[in-house]
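Below, each chain spelled out in residue letters.
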Amino acid sequence: MALTIDLTGDRPRAPAIAPSADKPSLVGLTREELGAALADAGVPERQVKMRVQQLWHWLYVRGVSDFAEMRNISKELRALLSERFTVARPEIVEEQVSNDGTRKWLFRFPPRGAGRPVEIETVYIPEEGRGTLCISSQVGCTLTCSFCHTGTQKLVRNLTSEEILAQLLTARDRLGDFPDRDTPDGAIVPAEGRKVSNIVMMGMGEPLYNFEEVKKALLIASDGDGLSLSKRRITLSTSGIVPEIYRTGEEIGVMLAISLHAVRDDLRDMLVPINKKYPLKELLDACRAYPGLSNARRITFEYVMLRDVNDSIEDAKELVRLLRGIPAKINLIPFNPWPGTNYQCSEWETIEKFADYINAAGYASPIRTPRGRDILAACGQLKSQSERLRKTERLALEAMMIAGHGEA
Ligand code: SAH
Ligand code: SF4
């Protein structure tokens, strides 16, 4: 694993693609919705099913973003579709590429209704044998976790399923992760394998407070006739919205990560205030009931290491006790400080002791070799601002994204 990152090199300005403010997008619709949209546009009823299949293939297997490229669709129909709809990508305001392959994009999405355009960041981290994309579900967040920078920003709006998927599609475009436009039909992934092999819903926002759109996007991302990402390689991180955790298990079926961060209700009430509504017992009951858990399919518990707040050995003991019986991974995240926060990251030694205790109890500890005291996390820190991905941010992203490594 490369320890150095050099972002001083190339920072290409990606070509801006016209945003799709005026026409509805066909990206992010369920098959039924897509069929209805086509019928509405005048596609004859008996053709709808076939057209849906064709569009699905072009959009999600081939990754095209222009009707003109849909070769097996007649010119007339393409003209009709492009008059009514769009399949264009969002505008890429900025793209940063590190020498080791880490990428960060700033995307701009057009206004919805009377709102203003919004900007969000998406990050890609390549590693040995896998590549993880960190995706946002909302601009801002309604929740106010006291250690989280996003928690200080108001919710601007939910992202639509189109915008959630656009992060994946555009990242794959830029990484050359779709089959070459000229490859014969049938070759659906680049020869060297997928660049985006895993996705984590760990960017901005609480995905379970945008349930319907997140569900649609993740079901499309995992659809076997399209993007085909295994549900075991998709991880949804939540602060613990209990009713929607049950629904996630029943209706989406992706891997779950829980932002636990505290093992006592009084402390969790302060760190993750949604705990007052859904306290630890209810949260852990929902985790126990999550369908399909096994040693190979475990829930990730994220635990941010805050100095003198939640980092004692007593906390570690209680953590192990609480999780007993739940197939679990524990992801210790060094706190990533931000301007104005009162919290500090735990001492490295403390983190190691905590990790050792957890290891001894049988949990593989994801803390990697120390890289200095300021190894800091960054997911949950992505913001609408063009700034360079600092080395510390990048190291921290790696620590965070361990949660997204359901399967190698
Ligand atoms: N809202 C969801 C997902 C986004 S946050 C959730 O809370 O789970 C992704 C992860 O980053 C969460 O575990 C969150 O608690 C953590 N996080 C937020 N701010 C952080 C910070 N300053 N340092 C380290 N981790 C942080
Ligand atoms: Fe929202 Fe997650 Fe941050 Fe809490 S940790 S404020 S739920 S983004």
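Residues numbered from 1 in each chain as written. Chains lettered and ligands numbered in written order. Predicted model: local features only at pLDDT ≥ 70, side-chain atom pairs only at ≥ 80, totals over all residues. Heavy atoms only, no water.

Hey, could you go over the side chain of Arg-89 for me, with residue numbers and the actual values?
By secondary structure assignment, the location of Arg-89 is in the loop between α3 (75–84) and β1 (91–97). With relative accessibility at 3%, the residue Arg-89 sits in the buried group. Within the local environment of Arg-89, its side chain forms a polar contact with the backbone oxygen of Gly-63, the two atoms lying 2.8 Å apart. (Helix = DSSP H or I, 4+ residues; strand = E, 2+ residues; numbered from the N terminus. Buried < 20%, exposed > 50% of the residue type's maximum accessible area, 1.4 Å probe, protein only. Polar contact = N/O pair within 3.5 Å; in protein donor to acceptor, adjacent residues only side chain to side chain.)

Please give an account of the site of ligand 2 that cites residues and values.
Taken together, the neighbourhood of ligand 2 is formed by Cys-141, Leu-143, Cys-145, Cys-148, Gly-151, Gly-205, Glu-206 and Ser-239. Across the shell around ligand 2, the residue classes tally to four nonpolar, three polar and one charged. (Near = heavy atom within 4 Å. Nonpolar A, V, L, I, M, F, W, Y, C, P; charged D, E, K, R; others polar.)

Help me get a handle on the environment of Leu-133, residues and values and all.
Looking at the element boundaries, Leu-133 is found in strand β4 (residues 130–134). Put simply, Leu-133 and Arg-103 are 30 residues apart on the chain and 9.4 Å apart in space, counted from C-alpha to C-alpha.

Now, about the nonpolar core: what can you tell me, with residues and values included?
Within the largest apolar cluster, 107 residues are counted, with the highest numbers of intra-cluster contacts made by Phe-147, Ile-199 and Phe-301. When residues of this core are sorted by domain, at least three fall in each of domain 1 (20–84) and domain 2 (130–403). Those residues in contact with Ile-199 that sit more than four places away from it in its chain are Leu-133, Ile-135, Leu-168, Leu-218, Ala-221, Leu-229, Arg-233, Ile-234 and Thr-235. (Core = buried A, V, L, I, M, F, W, Y, C linked by side-chain atoms within 4.5 Å. Domains from an automatic or database assignment. Contact = heavy atoms within 4.5 Å.)

So what's going on with the confidence of the model for the chain? Residues and values would help.
Put simply, the chain has an average pLDDT of 85, and 81% of its residues get 70 or more. Within the model, pLDDT remains below 50 along residues 368–392, and this stretch shows 90 contacts once partners closer than five positions in the same chain are excluded. (pLDDT = per-residue confidence, 0-100.)

Any details on the sheet that holds strand β10 (residues 299–305)? Residues and values, ideally.
One open sheet holds the nine strands; their spatial order is β1-β2-β3-β4-β7-β8-β9-β10-β11, and the pairing between them is mixed. The open sheet has two edge strands, β1 and β11 (328–334), and neither has a second partner. Between one strand axis and the next, the sheet turns through 20 degrees on average, direction left out of account. In terms of strand pairing, strand β3 (residues 118–127) meets β4 through five bridges, oriented antiparallel. When the sheet's bridge partners are listed, Glu-127 is paired in β4 with Arg-130. In the packing of helix α4 (residues 161–175) onto the sheet, the strands contacted are β1, β2 (103–109), β3, β4 and β7 (198–201), and the crossing angle to β2 comes to about 135 degrees. (Pairing = 2+ DSSP bridges. Axes fitted to C-alpha atoms, helices over the stretch in contact; angles between N-to-C directions.)

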